Amino acid sequence: MMGHKPPVPMTPQQFAQRAPGQSVQIAVRVRSVQRTTVVAELLVHQTDTLSHPTGQSVKLYVASGTPVIMGAPGDIVPGAVLFVYGIVTKSNSVDVKQVVVDTKYVKVE
C-alpha cells in the first residue's frame, strides 16, 4: 500500500448530478445507524487527510455482507468517516457496494 494514492471522492455537485442507477464514490461522516440504513453527512475533499462537512444528508443502504475495507462493519458508527462506492437509488440515497473506513486517516473540520 505504500505510495498508493487514495481515490478522490466526487464533489457534492458531481454527486447531485448523478441519476439513479449511476455509480458514485463519496466521502461521508456517519450521523446515525439503524440496522442497514446509515444516515451520513456528505464531505467535500480538501486533501488526502482532510475533508470539510457540507451539511448535506445522504442515506446509505449497507446490506449485510457488504465488503468493509480497512475496518469491520462494527466500525460504521456515528462519527465514522467512510469512503463509499455505490449506486444511486434516488436523490441523496445510495445502495452501498463497498465501504472503506477512513476514520483514522481523514480529519473533518
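Structure: see above.
Note that this is a predicted model, so its numbers are computed, not measured.

The rules behind the values
Residues numbered from 1 in each chain as written. Predicted model: local features only at pLDDT ≥ 70, side-chain atom pairs only at ≥ 80, totals over all residues. Heavy atoms only, no water. Pairing = 2+ DSSP bridges. Helix = DSSP H or I, 4+ residues; strand = E, 2+ residues; numbered from the N terminus. Salt bridge = Lys/Arg side-chain N within 4 Å of Asp/Glu carboxyl O. Buried < 20%, exposed > 50% of the residue type's maximum accessible area, 1.4 Å probe, protein only.

1. So, the pairing of strand S6 (residues 93-101)
Relative to S6, strand S3 (residues 50-61) is paired through three bridges, and the arrangement is parallel. Note on S6: the bridge partner recorded for Tyr61 is Asp95. The pairing of strand S4 (residues 68-69) with S6 spans two bridges and is classified as parallel. Note that in S6 the partner of Ile69 across the bridge is Val100. Across eight bridges, the pairing between strand S5 (residues 81-90) and S6 is antiparallel. Considered in S6, the bridge of Ile87 is made with Asp95.

2. Details of the pattern of salt bridges
Summed over the entire model, instances satisfying the criterion amount to four salt bridges. Across the pair Arg29 and Glu41 runs a salt bridge whose closest N-O atoms are separated by 3.6 Å. Residue Arg29 is found in strand S1 (residues 23-34), and its partner Glu41 is found in strand S2 (residues 37-47); the two are separated by 12 residues along the sequence. On the accessibility criterion, Glu41 (9% relative accessible area) is buried. Note that Lys107 and Glu109 form a salt bridge whose closest N and O atoms lie 3.3 Å from each other. Through salt bridges with shared partners, a single ionic network connects Arg29, Arg31 and Glu41.

Don't take any of this as a statement about function, it's just geometry.
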